[in-house]
Amino acid sequence: MDQNLAKFAAYLAAGIGAGISVIGAGLGIGKLASSALEASARQPEASGDIRTTMIIAAALIEGIALFSCVIAMLLAIK
Amino acid sequence: MEGVLVNQGESGNIHSEATHNSHSSEISPQQVFPTLLGTLGEHRELTFFHYHIIDLPVIIYDKEYGFDIYSNIDKMKEGGKYTFSETHKIVKVSNPNETPTLDLSVTSLVCFQWLAMIILLVAFFRVGRRYKKDPLKPPKGLQNLLETIFIFVRDDIVLPNISDRKAALRLLPYFVTLFVFILLMNLFGLIPGGHTATGALGTTAGLALTALFVINGTAIRQIGFKNWLHHLLGGAPWYLFFIMVPIEIISMFTKPFALTVRLFANMTAGHVILLSLVGLIFYLKTIVMAAVVVPFSIFMYALELLVAFLQAFIFTILTAVFTGLAIGEHGEHSEHSAH
């Protein structure tokens, strides 16, 4: 019974944690994409540089989300 | 597709004997997803759909028994030292809870990694020989492809991010290899019957380990050991070292760790989505689902193709960015001015 409760709590924590971190990462990448689009619309000749910088920043934001996914995975396979 | 799949997950509700040797067993709806996801893991044999191609050697090192090499899993069981547990792990016969110290087996992922290496070596050596023979001859065939990749990596990845041009050109071969190697391994997963070697943490961790050495090695070589140590302060005054040094050391290892997890998660996630979509047909046991699943999985496949290129690009450019950051602006002035 106690084992089951711990498992239940771990799964719940994993699911909720992954969900919340995905909200954060989604907001971050959305903000990033909107700013990059605005910037390249204002200055189309710099769009190549902006795209590269955007991809790097997106990868870094994604990395943070992936960290939380790893934590969630560790909880889920506990 | 069923039957040949060896489930390596934790579920343990499929017995190893049943799935390992019989190629025509039925799989119940509940077992569809665990079985399909099991195909993502490492296998101890090479298969092409139903067709069994070759058994892969099992190489085990243990403190107690020493090195053991078996030509396949059945030989290992006959050997009497090790056996398969219910969760598809190799365990000792004498103590079923104990795994051997090191499992150095050649698995399917290792095979595909070797395949990528062989293709790279052959392609680059062939092209390289042509350049040596006559550098001014117009490129043709494979040369065009590799030259395009090479120029792309040089002009879009390495040179803009590493300010010191000499160091950048010295590191260029590493970055080109990294890009093409990761790209090839990613693309292998999209070929029917192929496996994504980058979908295993071990592979990506190995790649990130080289990145760790390159980042810090280049920094030490370019700016000197003393300045590299100084960088650990992160530009803060010296009396803050007890806060800054641990943070900088952690961040030194976080970067490769993030590279590891990013590549692994991106390559695995796409495959999991594809397999889950296809699994829906077998789970619901209706052909109607195919009308929904097939277009959507083709879309996912195209997305996977994009991700395969994008992740190779991201891994390479992030390594370049981190190397550039580690060298810093030290090309001209070596004294640490206030930031």
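Residues numbered from 1 in each chain as written. Chains lettered and ligands numbered in written order. Predicted model: local features only at pLDDT ≥ 70, side-chain atom pairs only at ≥ 80, totals over all residues.

1. Considerations on the overall build of chain A
Here is step 1: The helix and strand tally for chain A stands at two helices and zero strands.
Here is step 2: The globule rule puts the C-alpha radius of gyration for 78 residues at 12 Å, and the 18 Å found for chain A is more than 25% above it.
Here is step 3: For chain A, the C-alpha atoms occupy an extent of roughly 65 × 15 × 10 Å along the three principal directions.
Here is step 4: When burial is assessed residue by residue, chain A has 10% of its 78 residues classed as buried.
Here is step 5: Long-range contacts, defined as pairs at least 24 residues apart, comprise 79% of the intrachain contacts of chain A with a sequence gap of at least 6. (Helix = DSSP H or I, 4+ residues; strand = E, 2+ residues; numbered from the N terminus. Rg over C-alpha atoms; globule rule 2.2 N^0.38 Å. Buried ≥ 20, exposed ≤ 12 C-beta atoms within 10 Å, placed from the backbone. Contact = placed C-beta atoms within 7 Å.)

2. Digging into the environment of Ala25(A)
All names here are of chain A.
Here is step 1: Relative to the elements of secondary structure, Ala25 occurs in helix α1 (residues 2-42).
Here is step 2: Measuring from C-alpha to C-alpha, the distance between Ala25 and Ala10 comes to 22 Å, with 15 residues separating the pair along the chain.
Here is step 3: Once you skip the residues sitting within four places of it in the chain, Ala25 turns out to touch Ile61, Glu62, Ile64 and Ala65.

3. What about the sheet that holds strand β3 (residues 58-62) of chain B?
All names here are of chain B.
Here is step 1: Taken together, three strands build an open sheet; the order of strands is β4-β3-β7 and the sheet is antiparallel. Among the strands making up the open sheet, the edge pair consists of β4 (66-70) and β7 (102-103).
Here is step 2: Note that β3 and β4 share five bridges and pair antiparallel. Bridge assignment links Val58 to a residue of β4, and that residue is Tyr70. (Pairing = 2+ DSSP bridges.)

4. Overview of helix α5 (residues 142-161) of chain B
Residue and element names in this part refer to chain B.
Here is step 1: Its 20 residues give α5 an end-to-end C-alpha distance of 28 Å, which sits within 8% of 28 Å, the value for a rise of 1.5 Å per residue.
Here is step 2: Along its length, α5 reaches its greatest deviation from straightness, about 35°, at Arg154.
Here is step 3: Those residues of α5 lying buried are Val153, Ile157, Val158 and Asn161.
Here is step 4: On its buried face, α5 sits against α6 (165-188) and α9 (289-327). (Expected span 1.5 Å × (residues − 1). Bend = angle between axes of the 7 residues up to and from the residue.)

5. Description of the environment of Ala167(B)
All names here are of chain B.
Here is step 1: Along the chain, the position of Ala167 falls in helix α6.
Here is step 2: With 56 residues separating them in the primary sequence, Ala167 and Ile223 have C-alpha atoms 11 Å apart.
Here is step 3: In this structure Ala167 touches Ile162, Thr218, Gln222 and Ile327, once residues within four positions along its chain are discounted.

6. Some words on the nonpolar core
Residues and elements named next belong to chain B.
Here is step 1: Counting 52 residues, the largest nonpolar core has Phe175, Phe179, Ile182, Met185 and Phe315 as the members making the most contacts within it.
Here is step 2: Counting residues per element, this core draws most heavily on α6, at twelve residues.
Here is step 3: If near-sequence neighbours (up to four positions away) are discounted, Phe179 is found in contact with Val153, Ala312 and Thr316.
Here is step 4: Core analysis: the next-biggest nonpolar cluster, separate from the first, contains six residues, Val32, Leu36, Leu274 and Leu275 among them. (Core = buried A, V, L, I, M, F, W, Y, C linked by C-beta atoms within 7 Å.)

7. Digging into the interface of chain B and chain A
Here is step 1: Facing the nine residues of chain B at the interface are nine residues of chain A.
Here is step 2: Those elements that provide at least two residues to the side of chain B that touches chain A are α8 (241-284) and α9 of chain B.
Here is step 3: Residues that form the side of chain B that touches chain A fall into these classes: seven nonpolar, no polar and two charged. (Nonpolar A, V, L, I, M, F, W, Y, C, P; charged D, E, K, R; others polar.)

8. Notes on the pairing of β3(B)
Here is step 1: In the sheet, β3(B) pairs with β7(B) via two bridges, with the strands oriented antiparallel. Pairing of Ile60(B) across the sheet is with Asp103(B), part of β7(B).

9. Some remarks on unusual backbone geometry
Here is step 1: With a phi close to 55°, Lys285(B) is a non-glycine residue in the positive phi region.
Here is step 2: Tracing the sequence through the fold places Lys285(B) in the loop between α8 and α9.

10. As for the packing of helix α2 (residues 47-76) of chain A against α9(B)
Here is step 1: Following both chains from N to C, one finds α2(A) and α9(B) inclined at 95°, their axes separated by 10 Å at the closest point. When the interaxial angle is binned, α2(A) and α9(B) end up roughly perpendicular. In contact with Ile55(A), Ile56(A) and Ala59(A) of α2(A), α9(B) contributes Ile314(B), Ile317(B), Leu318(B) and Val321(B).
Here is step 2: Split into classes, the residues belonging to the contact of α2(A) with α9(B) amount to seven nonpolar, no polar and no charged. (Axes fitted to C-alpha atoms, helices over the stretch in contact; angles between N-to-C directions. Parallel < 35°, antiparallel > 145°, perpendicular 65-115°, else oblique.)

11. Considering the confidence of the model for chain B
Residue and element names in this part refer to chain B.
Here is step 1: Residues of chain B with pLDDT of at least 70 account for 88%, and the chain-wide mean is 80.
Here is step 2: Confidence, expressed as mean pLDDT per element, reaches its minimum in chain B at helix α1 (residues 16-21) with 40 and its maximum at α6 with 92.
Here is step 3: pLDDT under 50 marks residues 1-24. Its contacts with residues more than four places away, or in other chains, come to 44 contacts.
Here is step 4: Here residues 331-339 is modelled with pLDDT under 50, and outside its nearest four sequence neighbours on either side it reaches six contacts, counting other chains as well.
Here is step 5: ipTM for the predicted complex: 0.77, alongside a pTM of 0.81. (pLDDT = per-residue confidence, 0-100.)

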